[in-house]
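In case you want the letters, here they are:
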Amino acid sequence: MSTYVPSPDEVAAAQTAAGGWTKKQLVEWGVPWPPPQGWRKHLEAKWRGEDVPPLEHPETPDQDTLF
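One structure accompanies this document, and this report is about it. (Residues numbered from 1 in each chain as written. Predicted model: local features only at pLDDT ≥ 70, side-chain atom pairs only at ≥ 80, totals over all residues. Heavy atoms only, no water.)

### Digging into the overall build of the chain
And then number 1: Assigned secondary structure in the chain consists of 4 helices and 0 strands.
And then number 2: Put simply, the chain runs from its N terminus to its C terminus through helices and strands in the order α-α-α-α.
And then number 3: Buried residues in the chain amount to 22% of all 67 residues.
And then number 4: A sequence separation of at least 24 residues applies to 34% of the contacts in the chain between residues at least 6 apart. (Helix = DSSP H or I, 4+ residues; strand = E, 2+ residues; numbered from the N terminus. Buried < 20%, exposed > 50% of the residue type's maximum accessible area, 1.4 Å probe, protein only. Contact = heavy atoms within 4.5 Å.)

Written out as structure tokens, the structure is:
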């Protein structure tokens with residue numbers, strides 16, 4: 001996981017013309033792919049020096065639990 005935390009301005013500047021962020025960029029910032037909801041607020045809190053838990057994806061059900 002990356003130790004570098006971008007500023008909110010850096011996050012905004014890295015947004016693509018299509019309005020998203022590249023997988024490569026997010027991985028460099030320690031954001032899992034696909035990015036979970038709230039990832040930008042998480043990075044901003046971390047940038048401000050708040051003690052936040054790591055970003056994680058909610059558990060995705062496996063095939064057996066779907067049927």
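### Structural notes on the pattern of salt bridges
And then number 1: Evaluated as defined, the whole model comprises 2 salt bridges.
And then number 2: In this structure, Arg48 engages Glu44 in a salt bridge whose closest nitrogen and oxygen atoms are separated by 3.2 Å.
And then number 3: Put simply, Glu50 and Arg48 hold a salt bridge, and the shortest N to O gap is 2.6 Å.
And then number 4: Among the charged side chains, a salt-bridge network with shared partners connects Glu44, Arg48 and Glu50. (Salt bridge = Lys/Arg side-chain N within 4 Å of Asp/Glu carboxyl O.)

### Notes on the environment of Pro8
And then number 1: Turning to its location among the elements, Pro8 is positioned in helix H1 (residues 8–13).
And then number 2: Judged by relative accessible area, Pro8 falls into the partly exposed class, the value being 31%.
And then number 3: A C-alpha to C-alpha distance of 7.8 Å links Pro8 and Leu43, two positions 35 residues apart in sequence.
And then number 4: Leave out the neighbours within four places in its chain, and Pro8 touches Glu44 and Trp47.

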